[in-house]
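Commentary on secondary and tertiary structure
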There are 2 protein chains.
Amino acid sequence: MNTIEGWRRRINEIDRQLVELLNERSRCAMEIGHIKHESGLPLYQPDREKEVLANAESNNHGPLPDTAIRRLFERILDEARSVERHAMEPGGSSRKDSAKHD
Amino acid sequence: MNTIEGWRRRINEIDRQLVELLNERSRCAMEIGHIKHESGLPLYQPDREKEVLANAESNNHGPLPDTAIRRLFERILDEARSVERHAMEPGGSSRKDSAKHD
């Protein structure tokens, strides 16, 4: 492990898990988008976004500084909003295939 | 699970795992920063960054589009570069506490 190559193999494994979790998160966001659409609720709920950022910071024990965690989760929230928006469109989904050909 | 609250609880759990993995990734990046510093290797290695982005896209089976995965990993790479830079500074670390008071 104590070589650059060793650490990079570990990072590659972490990145595989990150891709999986980010997609699982986006499936949840799609479900929320569908429910909001059916219930006539607004897409953008700033209080929930503040809660997500506060949770991320309170779960953070470093070494990443809270400012980095916040920047990362702001990007994650941007993508979630986009996924929810697709899910709220009539007949909308946010499957990889359709989104690729936007 | 089939309520907004249920999906949000699932997202909160995913976010806890994301914070943990992102920090584990940054610990690897710090180790790489130390090795680069000791070996006189450059911080920025664009071929490795391209490889990380290519791996992330090839591991992606949606629903997030590849463009979203790329944007997320560009942010992750930005933060990794910052962590490595701290680790390469003389006596540098990138612990949360020190980084907070930059």
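So, here is what we can say about the structure in this document. (Residues numbered from 1 in each chain as written. Chains lettered and ligands numbered in written order. Predicted model: local features only at pLDDT ≥ 70, side-chain atom pairs only at ≥ 80, totals over all residues. Heavy atoms only, no water.)

Turning to the overall build of chain A, a few remarks are in order. Within chain A one finds four helices and zero strands. The helix and strand sequence of chain A, counted from the amino end, reads α-α-α-α. When the accessible surface of chain A is totalled, it reaches about 5300 Å², and 47% of it is carbon and sulfur. (Helix = DSSP H or I, 4+ residues; strand = E, 2+ residues; numbered from the N terminus. Areas by Shrake-Rupley, 256 points an atom, 1.4 Å probe, with all protein chains shown as cover.)

Moving on: the side chain of D15 of chain A. One can find D15 of chain A in helix α1 (residues 4–39). Under the relative-accessibility criterion, D15 of chain A is labelled buried at 4%. (Buried < 20%, exposed > 50% of the residue type's maximum accessible area, 1.4 Å probe, protein only.)

Let us now look at the interface of chain A and chain B. Taken together, the contacts link 57 residues of chain A with 57 residues of chain B. Between chain A and chain B, a total of about 5500 Å² is buried, with carbon and sulfur atoms accounting for 68% of that surface. The tally of links between chain A and chain B comes to six salt bridges. The closest approach of N and O atoms between E24 of chain B and R10 of chain A, which form a salt bridge, is 2.3 Å. (Contact = heavy atoms within 4.5 Å. Buried area = accessible area lost by both parts, 1.4 Å probe. Salt bridge = Lys/Arg side-chain N within 4 Å of Asp/Glu carboxyl O.)

Here we take up α1 of chain A. Taking 1.5 Å of rise per residue, 36 residues should cover 52 Å, and α1 of chain A covers 51 Å from first to last C-alpha, within 8% of that figure. Backbone geometry just after α1 of chain A places G40 of chain A at a positive phi near 65 degrees. (Expected span 1.5 Å × (residues − 1).)

Overlaying chain A on chain B yields an RMSD of 0.0 Å, the required transformation being a rotation through 180 degrees with an accompanying axial translation of 0.0 Å. Taken together, the rotation angle and the small translation identify this as a two-fold axis. Relative to the rotation axis, the C-alpha of L18 of chain A is the closest in chain A, positioned 3.4 Å from it. Comparing interface residues between copies, 100% of those in chain A also lie at the interface in chain B; the contact surface is shared. (Least-squares fit on C-alpha atoms with pLDDT ≥ 70 in both.)

A word on the packing of helix α2 (residues 46–59) of chain A against helix α1 (residues 4–39) of chain B. Contact geometry of α2 of chain A with α1 of chain B gives a least axis separation of 9 Å together with a crossing angle of 35 degrees. In terms of crossing hand, the pair formed by α2 of chain A and α1 of chain B is right-handed. Side by side, α2 of chain A and α1 of chain B meet where R48, V52, N55, A56 and N59 of chain A of the first sit next to R8, I11, N12, D15, R16 and V19 of chain B of the second. Tallied by class, residues from the contact of α2 of chain A with α1 of chain B come to four nonpolar, three polar and four charged. (Axes fitted to C-alpha atoms, helices over the stretch in contact; angles between N-to-C directions. Left-handed = near helix turned anticlockwise from the far one by under 90°. Nonpolar A, V, L, I, M, F, W, Y, C, P; charged D, E, K, R; others polar.)

Angle between the axes and distance between the axes are the two parameters that describe a pair of packed helices. Close contact between α1 of chain A and helix α3 (residues 66–88) of chain B brings their axes to 12 Å; oriented N to C, the two are set at 130 degrees. In terms of orientation, α1 of chain A lies oblique with respect to α3 of chain B. Classified by chirality, the crossing of α3 of chain B by α1 of chain A is right-handed. Residues D15, L18, V19, L22 and N23 of chain A of α1 of chain A lie in contact with α3 of chain B, whose contacting residues are I69, L72, F73 and I76 of chain B. (Parallel < 35°, antiparallel > 145°, perpendicular 65-115°, else oblique.)

Secondary-structure assignment places R48 of chain A in helix α2. Among the polar contacts listed, one links the side chain of R48 of chain A to the side chain of E51 of chain A, at a separation of 2.7 Å. If we skip the residues at most four places from it in the chain, R48 of chain A touches R8, I11 and N12 of chain B. (Polar contact = N/O pair within 3.5 Å; in protein donor to acceptor, adjacent residues only side chain to side chain.)

All names here are of chain B. Applying the stated criterion across every chain yields a total of 25 salt bridges over all chains. The salt bridge involving R70 is made with E74; its shortest N-O contact spans 3.9 Å. Taken as a pair, R70 and E74 lie in helix α3 at a separation of four residues, close to a single helical turn. Among the ionic pairs, R75 bridges to D78, the shortest N-O distance being 3.7 Å. Of this pair, R75 and D78 both sit in helix α3, three residues apart, roughly one helical turn.

Below, the discussion takes up the nonpolar core. Core analysis: the biggest nonpolar cluster contains 52 residues, and L18 and F73 of chain A together with L18 and F73 of chain B have the highest contact counts within it. Within the residue set of this core, elements represented by two or more residues are α1, α2 and α3 (66–88) of chain A together with α1, α2 (46–59) and α3 of chain B. Those residues in contact with L18 of chain A, other than ones at most four positions away along the chain, are L18, L21, L22, R25, F73 and I76 of chain B. (Core = buried A, V, L, I, M, F, W, Y, C linked by side-chain atoms within 4.5 Å.)

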